[in-house]
Amino acid sequence: MIKLVLVRHGQSLYNLENKFTGWTDVDLSEKGLKEARDAGCILKKHGYIFDAAYTSVLKRAIRTLWIVLHEMDLMWVPVYKSWRLNERHYGALQGLNKAETAKKYGDEQVHLWRRSMNVRPPELHKNDPRYEATDPKYKDLKEQEFPLTENLADTEKRVLKYWHETIAPAIQSGQKVIISSHGNTIRSLIRSLVQYLDNIPADGIMSLNIPTGVPLVYELDEHLKPMRHYYLGNDGEIPKDEIPKHMPSKK
Ligand SMILES: O=C(O)[C@@H](CO)OP(=O)(O)O
């Protein structure tokens, strides 16, 4: 039986300030650092070991992974980074306060920007300092590939390309994998994993609240079909209604 571990980065400085983040490269808050340490400790306590680790090119996910591997004494594990595992690009909303934006544009509009598969937030202009296409971490992207904004379908498409071409084959070749990534990236992966199961409200998965810094384990069969899933954390850290309801959980 295969175990895949997904972990959303610990709380970031923008999570703390309730700001739209997207590709803004903010670091972890003090709470986020602790969440990452706790995630590593609990994975170690349960005897997890990994052959390969995947993350985005954003430091909140990278640092979470570093801390997890450090706590587990697994710093030797190869780490693969890809922009395709980045958070969804939030366009011109990046850096704005979510509550203030809701006051200005209304809750309904902000909900559409945040959770609709098809609605894109307003685009960044190429002369905006938040447009980071020349950052060396994006050297693999052609200028026309660098997003000015993304809806969740755009995000899912580039995440799943990496999943199908790189991560899924590694898992199927027998590698034990951890992915340290972002809320919308993880939702996209969950949508892909559950797509062959019956009666799954795939759209509802995009509204799931994924807690920061709590490992989510998917047990998969050899075809990568999920058998069950569960969070590894203290009960108090995992609000019951945040556990995906699309499959029986362990508890
Ligand atoms: O701001 C963001 O980049 C994401 C994750 O924190 O927010 P949302 O919950 O709106 O997807």
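The text that follows walks through the structure, step by step, so that each part is easy to find. Once a new chain begins, its residue numbering starts again from 1 and follows that chain's sequence as written. With the structure being a predicted model, the display of local features is reserved for residues of pLDDT at least 70 and the display and counting of side-chain atom pairs for 80 or more, all residues being used for whole-chain, interface and lining totals.

On to the overall build of the protein. A run of H or I in DSSP counts as a helix once it spans at least four residues, and a run of E counts as a strand once it spans at least two, with each numbered from the N terminus. Summing up its helical and strand segments, the protein has eight helices and six strands in all. Taken from N to C terminus, the helices and strands of the protein fall in the order β-α-α-β-α-β-α-α-α-β-α-α-β-β. Radius of gyration means the value over C-alpha atoms here, while the globule rule gives 2.2 Å times the residue count to the 0.38 power. The C-alpha radius of gyration computed for the protein amounts to 17 Å, which stays within 12% of the reference 18 Å derived for 251 residues, consistent with globular compactness. By principal-axis analysis of the C-alpha atoms, the protein measures approximately 50 × 40 × 35 Å. Buried residues in the protein amount to 38% of all 251 residues. Two residues form a contact once the distance between their C-beta atoms, set from the backbone, is within 7 Å. Sequence separation of 24 or more characterises 74% of the internal contacts of the protein that already satisfy a separation of 6 or more. With C-beta atoms placed from the backbone, a residue is buried if 20 or more other C-beta atoms are within 10 Å of its own, exposed if 12 or fewer are, and partly exposed between those counts.

Let us look at the site of the ligand. In this analysis a residue is considered near a molecule or strand if the C-beta atom, reconstructed from its backbone, is found within 6 Å of that molecule or strand. With respect to spatial proximity, the complete set of residues near the ligand consists of Asn 15, Phe 20, Thr 21, Gly 22, Glu 87, Tyr 90, Arg 114, Gly 183 and Asn 184. Looking at side-chain class alone, the shell around the ligand contains two nonpolar, five polar and two charged residues. Lys, Arg, Asp and Glu make up the charged group, whereas Ala, Val, Leu, Ile, Met, Phe, Trp, Tyr, Cys and Pro make up the nonpolar group; the residues left over, Gly among them, are polar.

Moving on to the nonpolar core. A general trend in soluble globular proteins is that nonpolar side chains are found buried together. Remark: nonpolar core denotes a set of buried Ala, Val, Leu, Ile, Met, Phe, Trp, Tyr and Cys residues whose joining runs through C-beta atoms within 7 Å. Ranked by internal contacts, the top residues of the largest apolar core, which has 41 residues, are Leu 6 and Val 68. For this core, the secondary-structure elements that each account for two or more residues are strand 1 (2–8), helix 2 (30–45), strand 2 (52–55), helix 3 (59–71), helix 6 (152–172), strand 4 (177–181), helix 7 (183–193) and strand 5 (216–220). It is helix 3 that contributes the most residues to this core, five residues altogether. Non-local contacts of Val 68, meaning those with residues more than four positions away in its chain, are made with Val 7, Ala 36, Ala 39, Gly 40, Leu 43 and Ser 180.

Bringing the packing of helix 6 against helix 7 into the picture now. Between the N-to-C directions of two axes lies an angle of 0 to 180 degrees, each axis being a line fitted to C-alpha atoms and, for a helix, fitted only over the stretch in contact. At a minimum axis distance of 9 Å, the contact between helix 6 and helix 7 shows a crossing angle of 65°. Judged on the interaxial angle alone, helix 7 and helix 6 are roughly perpendicular. In terms of crossing hand, the pair formed by helix 6 and helix 7 is right-handed. Every residue of helix 7 that contacts helix 6 at Leu 152, Thr 155, Glu 156, Val 159, Leu 160 and Trp 163 is listed here: Asn 184, Thr 185, Ser 188, Leu 189, Arg 191 and Ser 192. Its residues placed into classes, the contact of helix 6 with helix 7 shows five nonpolar, five polar and two charged. In these notes the angle categories are as follows: under 35 degrees is roughly parallel, over 145 is roughly antiparallel, 65 to 115 is roughly perpendicular, and the rest is oblique. Two helices crossing with the near one rotated counterclockwise from the far one by less than a right angle form a left-handed crossing, whereas a clockwise rotation gives a right-handed crossing.

Keep in mind that these numbers describe shape and distance, not what the molecule does.
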